[in-house]
Number of protein chains: 2
Amino acid sequence: MASERYTIGLDFGTNSVRALIANVATGEEVATAVADYQRGEAGVIGDPNNPHVARQHPADYHEGLVACVREALAKAASVPGFAPEQVIGVGVDTTGSTPIPVDAAGTPLALKPEFADNPDAMAWLWKDHSSMAEAERITELAAEHRPQYLAKSGGTYSSEWFWSKIWHCRNVAPEVFAAAHSWVEFCDYIPAVLVGDTNPATLKRSVCAAGHKAMYCEEWGGLPDAEFLALLDPQLADLRGRLYRQAHASDVCAGRLCPEWAEKTGLPAGIPVAVGAFDAHYGGVASGVGVGTLVKILGTSTCDITVAAKTGEPLDIPGVCGIVDGSVLPGYYGIEAGQSAVGDIFNWFVSEVCEGDASLHEVLTAKAAALKPGQSGLLALDWNNGNRTILVDARLTGLLLGQTLHTSRAEIYRALIEATAFGALTIHNRLREYGVPIERIVCCGGIAEKNPFFMQVYADVTGQELFVSRAVQTCALGSCIFGAVVAGPEAGGYADAESAQAAMTGVKPVSYKPNPAAHAVYAELYALYKRLHDSFGVAGTRDDLSDVMKRLLDIKQRAG
Amino acid sequence: MASERYTIGLDFGTNSVRALIANVATGEEVATAVADYQRGEAGVIGDPNNPHVARQHPADYHEGLVACVREALAKAASVPGFAPEQVIGVGVDTTGSTPIPVDAAGTPLALKPEFADNPDAMAWLWKDHSSMAEAERITELAAEHRPQYLAKSGGTYSSEWFWSKIWHCRNVAPEVFAAAHSWVEFCDYIPAVLVGDTNPATLKRSVCAAGHKAMYCEEWGGLPDAEFLALLDPQLADLRGRLYRQAHASDVCAGRLCPEWAEKTGLPAGIPVAVGAFDAHYGGVASGVGVGTLVKILGTSTCDITVAAKTGEPLDIPGVCGIVDGSVLPGYYGIEAGQSAVGDIFNWFVSEVCEGDASLHEVLTAKAAALKPGQSGLLALDWNNGNRTILVDARLTGLLLGQTLHTSRAEIYRALIEATAFGALTIHNRLREYGVPIERIVCCGGIAEKNPFFMQVYADVTGQELFVSRAVQTCALGSCIFGAVVAGPEAGGYADAESAQAAMTGVKPVSYKPNPAAHAVYAELYALYKRLHDSFGVAGTRDDLSDVMKRLLDIKQRAG
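Small disclaimer: the values here were computed from a predicted structure and weren't measured. (Residues numbered from 1 in each chain as written. Chains lettered and ligands numbered in written order. Predicted model: local features only at pLDDT ≥ 70, side-chain atom pairs only at ≥ 80, totals over all residues. Heavy atoms only, no water.)

## What to know about the packing of helix α14 (residues 409–433) of chain B against helix α19 (residues 516–537) of chain B
Residues and elements named next belong to chain B. The contact between α14 and α19 brings their axes to 10 Å, and the two run at 75 degrees. One element, α14, and the other, α19, form an angle in the roughly perpendicular class. Here α14 contributes Arg-414, Glu-418, Ala-419, Phe-422, Gly-423, Leu-425, Thr-426 and Asn-429 to the contact with α19, which in turn contributes Tyr-522, Leu-525, Tyr-526, Tyr-529, Lys-530 and His-533. Partitioning the contact of α14 with α19 into residue classes produces seven nonpolar, four polar and three charged. (Axes fitted to C-alpha atoms, helices over the stretch in contact; angles between N-to-C directions. Helix = DSSP H or I, 4+ residues; strand = E, 2+ residues; numbered from the N terminus. Parallel < 35°, antiparallel > 145°, perpendicular 65-115°, else oblique. Contact = heavy atoms within 4.5 Å. Nonpolar A, V, L, I, M, F, W, Y, C, P; charged D, E, K, R; others polar.)

So this is what it looks like as structure tokens:
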């Protein structure tokens, strides 16, 4: 036991931050603690006049970080053989793109008295959509002048992303923009704080954030060029020089834990801190992502993470949000895709349409599970929150088709689940079409943990066996893994991410195997789904849809 | 007061029969009474193994008729100046097509001991759908061999209609078919009973039933020819000779009230009984239908009734269920169209999706009324029970489009109401395209009486002022009107239906005027509705629908 080594992973989510202490040899959880953000509504500061605004106060990050690390260490103290000195590395993942305006020393403006209560000076949370106009304009200008910038991000630049938000700040809060010497991503800021050097000119930036959200790519020399940024606003071109020239994968050490933060947290000073990344990417790593393995993080929305070997050819997949060298596993293209609403659609149906509470999910799941595929005659599109992959279009909406006078709410509930599964299959198919193999699927997240019916529908729709990641706190475990990588073998860690994954990750014994009869029915339904998908989602598609309702009735009759 | 004259109208509905005694000079209701049918479930005898079966026992008709007439007369007795001797005529309307197998004397088989409990020997209620296979085959055979037969009934022969039901009886209950000397429509049977001569060879058949449901038309010499019927089944060709050669409008006297039924009911023997017709058609007459006036009967489903002048040219309107000479007003083409579910769609949403009781309609109506047109971003197709007019397709189903994660049940409720209004406008437009003017719209039925919000949506969608029929019991009043017509001026009645309508019908003082701003938004939404309508309903339509959701969002943004 004396030789056990541990790493600590810090997972900054939307409403709270979690610390996880894991055993480096096995990935086993030793202790975990959560600290809720205290400001705003569950940590999110909105604007009563603009539903698109979502900000967070950096003080919540500092306070939450200290609270959850101390609590996790306190819990671990009761584990036989554990001592804080055995913690050999730190990893950090956060939401993103969540840019923070900072001064020349890297201090967030909101931590300065004059900006303390100004939401525009706080962190611009990933789900802030106030910069839709700027995002549209960036997409237009890039399409015209720098199509290569769009090719890596699915053809559309999002209002959730780095440049949209900063440009919007420039447009609506010029005093904040002027006061900001630079901007840092949340996942860059926390490691910089921990190593005691937040200087924006020198702190190590995450290639995950840079590549997926800031149009950074080594192919064109890093960030978008100044000429292009000047088309947006000359001041953005100016800002470019105060950002960064290079970004890094998470096997790079951001620095060593400084004495100040060692004391605040109780962790040993001097241990290495990994360059940060986004939570979902680390969740993929901790679930065993690799070439041929797709990780699906299933929750209110979903994120699909996989990697592809670098062949020397650039990898562009239309409609796939982000393909970034090193963003998931160092040395591979990291591929991120996802559905902008999955659990959120079922939550919407239960709370807004049925006006039920959370317990209704169980009732509807039980009734929906008693139905056969195709038996309802219903078909839905899973676009209540737009379509992230493969249409990259926030201005798409939901559709439900096939209702009769006897359609029940459980039938609708099932149709919504099936629709999200069809949406998932559409993503898988697109990846395969462009040569990204999906031989194995590992799921994690709340739905994968708690909803066997949902998982079975996904297995039946995709026709593939679905595994569930062994770890529950996958994002935090991903941080632990990179903490072990930057610690290196000499300190009891690992030489690379794959060695760490081999030791620290795994799947649960129970998996979900597709039922061939159900899969056959879903293959028919999927063909109809795809026709609706293209008809409503892809400009130029002209289909004769007059058979759709009748085919559903035929399938229903055979299923009934 | 001594000179007042009255007629009695008998309105046989799906669950009960109503008697209405009206003042012939004014149409004013003097007394009314309802008798519920006693057998089955609310008078409908189903089959636990086949949800499509819906039958009624003719004994319920006899018993209900006596009960409601006696009660109405008893109530009228307290009206100053009323005496039964002042009742100068009887009119009868019923559901249909509701054919009844009878023996050579015209006695319904179900009234004979050996068939008393055999549902196949009872009345085959209008909403019996057990003969879908026969209806499809009739449509196919007519399309191939007698396209003119289909032209008058919208291109499709329905499972609800006369020949489908009789053929199905032949196929599933040959012993009943063999025992049936003839078949009579419900609306033919009741007048025949009242006049004391049910002989199927001589009783006066309704042109409304014959023309709308039995493919009867003077153009081709009455019923479908024997050669065609033999293609269905030689025994149907045989039956043809035991049916009828001519059918009549309701200004024709079916005979005079016989002493037996005068005694049973308390009405004066010898008063004339009008040839019967379907309830909806009489509802149209009592609401003031005429050239340029469309009557909409708004309830669980809707029926649109109007008439067109006879120009010498045949009037064929694609997708319009029935165009029959004299079926509404003698001397005009009667035109019937309709939507197979309207109130039923709102009832479905409340009971099946919201799992609420009837009081939820009020709550949702109040919330829906507070929204602006276009504000929800939703668009629906009103096809939960198929589309009767103008697509004549029972195998179409519902559609709802535009849902987000914030869509409320009240928004959906409103979208469903709007969808039925768009469906109504599609019918109006089709009639106009074929030269049938709609200068004035008069509504009746439960929704017209009780739901001002619904009525305002319809006014805003159609852009036309909507009037509400003065009479509440419009179908029964239609029967009173034809009772007055067959009585004739010499007995204190009228020379024709139009004179009777001028005196006995009217509209309420309150009407619903379209709001121009709302109409402008609905014009945009209707254009999108019509594209979905054609895309999903009309074979061969190939539309690029990728703008639909975005146009709805644009409209939503402007409305919000």
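## Let's talk about the pattern of salt bridges
According to the stated counting rule, one finds 50 salt bridges over all chains in the structure shown. For Arg-170 of chain A, the salt bridge is made with Asp-233 of chain A, and the minimal N-O distance between the two is 2.9 Å. Pair noted here: Arg-170 of chain A is in helix α4 (residues 162–172) and Asp-233 of chain A is in the loop between α8 (226–232) and α9 (234–240), with a separation of 63 residues, a long-range link. We classify Arg-170 of chain A as partly exposed; its relative accessible area is 23%. We classify Asp-233 of chain A as buried; its relative accessible area is 9%. Two residues, Arg-395 of chain B and Asp-554 of chain A, come together in a salt bridge whose shortest N-O distance is 2.6 Å. Taken together, the residues span two chains, with Arg-395 of chain B in the loop between β19 (379–381) and β20 (398–403) and Asp-554 of chain A in helix α20 (residues 548–559). Owing to a relative accessible area of 29%, Arg-395 of chain B belongs among the partly exposed residues under this scheme. (Salt bridge = Lys/Arg side-chain N within 4 Å of Asp/Glu carboxyl O. Buried < 20%, exposed > 50% of the residue type's maximum accessible area, 1.4 Å probe, protein only.)

## A closer look at the relation of the copies chain A and chain B
Of the two same-sequence chains, chain A is brought onto chain B (RMSD 0.1 Å, axial shift 0.1 Å) by a rotation of 179 degrees. With respect to symmetry, the two chain copies, as superposed, fit the operation of a two-fold axis. Comparing interface residues between copies, 100% of those in chain A also sit at the interface in chain B, which points to an isologous, same-surface contact. (Least-squares fit on C-alpha atoms with pLDDT ≥ 70 in both.)

## Concerning the interface of chain A and chain B
Across the contact, 48 residues belong to chain A and 48 residues belong to chain B. Between chain A and chain B, the buried area comes to about 4100 Å², and carbon and sulfur atoms account for 54% of it. It is Arg-395, Leu-405 and Met-549 of chain A that lose the most area in chain A upon contact with chain B, and together they represent 18% of the buried surface on that side. In this assembly, chain A and chain B are joined by six salt bridges. The tally of links from chain A across to chain B stands at 30 residue pairs in polar contact (both at pLDDT 80 or more). For the side of chain A that touches chain B, the secondary structure elements donating two or more residues are α12 (343–353), β20 (398–403), α14 (409–433), α19 (516–537) and α20 of chain A. Here the residues of the side of chain A that touches chain B sort into 22 nonpolar, 15 polar and eleven charged. Two elements, β20 of chain A and β20 of chain B, share five bridges in a ladder whose sense is antiparallel. Among the inter-strand pairings, Leu-401 of chain A is bridged to a residue of β20 of chain B, identified as Leu-399 of chain B. (Buried area = accessible area lost by both parts, 1.4 Å probe. Polar contact = N/O pair within 3.5 Å; in protein donor to acceptor, adjacent residues only side chain to side chain. Pairing = 2+ DSSP bridges.)

## A short note on the environment of Leu-405 of chain A
By secondary structure assignment, the location of Leu-405 of chain A is in the loop between β20 and α14. Taking the C-alpha atoms as reference points, Leu-405 of chain A and Trp-348 of chain A, separated by 57 residues in sequence, lie 22 Å from one another. Excluding its chain neighbours within four sequence positions, the residues that come into contact with Leu-405 of chain A are Ala-341, Asp-344, Ile-345, Trp-348, Glu-352, Asn-384 and Asn-385 of chain B.

## Thoughts on unusual backbone geometry
With an omega of 0 degrees, the peptide bond running from Gly-96 of chain A to Ser-97 of chain A counts as cis. Considering the arrangement of structural elements, one finds Ser-97 of chain A in the loop between β6 (87–94) and β7 (99–102). Here the bond from Thr-389 of chain B into Ile-390 of chain B is cis, since omega is 15 degrees, no more than 30 degrees from zero. Topologically, Ile-390 of chain B is positioned in the loop between β19 and β20.

## Focus: the sheet that holds strand β4 (residues 45–47) of chain A
Pairing is antiparallel across the open sheet formed by three strands, whose spatial order is β4-β5-β8 (chain A). Each having just a single partner strand, β4 and β8 (123–124) of chain A make up the two edges of the open sheet.

## Comments concerning the environment of Ala-54 of chain B
All names here are of chain B. Looking at the secondary structure, you find Ala-54 in strand β5 (residues 50–56). Taking the relative accessible area as the measure of exposure, Ala-54 reaches 5% and is therefore buried. C-alpha separation for the pair Ala-54 and Ser-511, spaced 457 residues apart in sequence, amounts to 38 Å. Filtering out sequence-adjacent residues up to four positions away, Ala-54 remains in contact with Val-44, Ile-45, Ala-123, Trp-124, Leu-125, Lys-127 and Asp-128.

## Focus: α20 of chain A
Here α20 of chain A spans 16 Å end to end across twelve residues, near enough to the 16 Å set by a 1.5 Å rise per residue. Its buried side turned inward, α20 of chain A meets β19 (379–381), β20 and α19 of chain A together with β19, β20 and α19 of chain B. (Expected span 1.5 Å × (residues − 1).)

## Quick word on the sheet that holds strand β22 (residues 466–468) of chain A
Residues and elements named next belong to chain A. Strand order in the open sheet formed by six strands is β17-β18-β16-β15-β21-β22, and the pairing between neighbours is mixed. A strand with exactly one partner marks an edge of an open sheet, and here the two such strands are β17 (322–325) and β22. Neighbour to neighbour, the strand axes of the sheet diverge by 25 degrees on average, direction disregarded. For β17 and strand β18 (residues 333–339), the ladder comprises four bridges, and the chain directions are antiparallel. If you follow Asp-325 over to β18, its bridge partner there is Tyr-333. Running at roughly 155 degrees to β18, α14 makes contact with β15 (292–298), β16 (302–308), β18 and β21 (438–444) of the sheet. Against the sheet, helix α16 (residues 452–462) engages β15, β18, β21 and β22, with an angle of about 145 degrees to β22.

## Concerning the nonpolar core
Core analysis: the biggest nonpolar cluster contains 151 residues, and Phe-349 and Phe-536 of chain A together with Phe-349 and Phe-536 of chain B have the highest contact counts within it. Setting aside anything within four residues of it in sequence, one finds Phe-536 of chain A in contact with Leu-381, Trp-383, Leu-396 and Leu-399 of chain A together with Leu-401, Leu-532, Phe-536, Leu-545, Ser-546, Val-548 and Met-549 of chain B. (Core = buried A, V, L, I, M, F, W, Y, C linked by side-chain atoms within 4.5 Å.)

## Notes on the packing of helix α12 (residues 343–353) of chain B against helix α13 (residues 359–369) of chain B
Residue and element names in this part refer to chain B. Direction vectors running N to C along α12 and α13 enclose 105 degrees, while the axes themselves pass 10 Å from each other. Relative to α13, the element α12 is oriented roughly perpendicular. Facing α12, whose interface residues are Phe-346, Asn-347, Phe-349 and Val-350, α13 presents Leu-360, His-361 and Leu-364. Taken together, the residues that form the contact of α12 with α13 break down as five nonpolar, two polar and no charged.

## Here's the deal with the state of the cysteines
Summed over the entire model, instances satisfying the criterion amount to zero disulfides over all chains. The cysteine Cys-253 of chain A is free of any disulfide, with Cys-258 of chain A supplying the nearest cysteine sulfur at 13 Å. A relative accessible area of 27% means that Cys-253 of chain A is categorised as partly exposed. A disulfide-free cysteine, Cys-354 of chain B has its sulfur positioned 7.4 Å from the sulfur of Cys-354 of chain A, the nearest such atom. Exposure remark for Cys-354 of chain B: the relative accessible area of 6% places this residue in the buried category. (Disulfide = S-S within 2.5 Å.)

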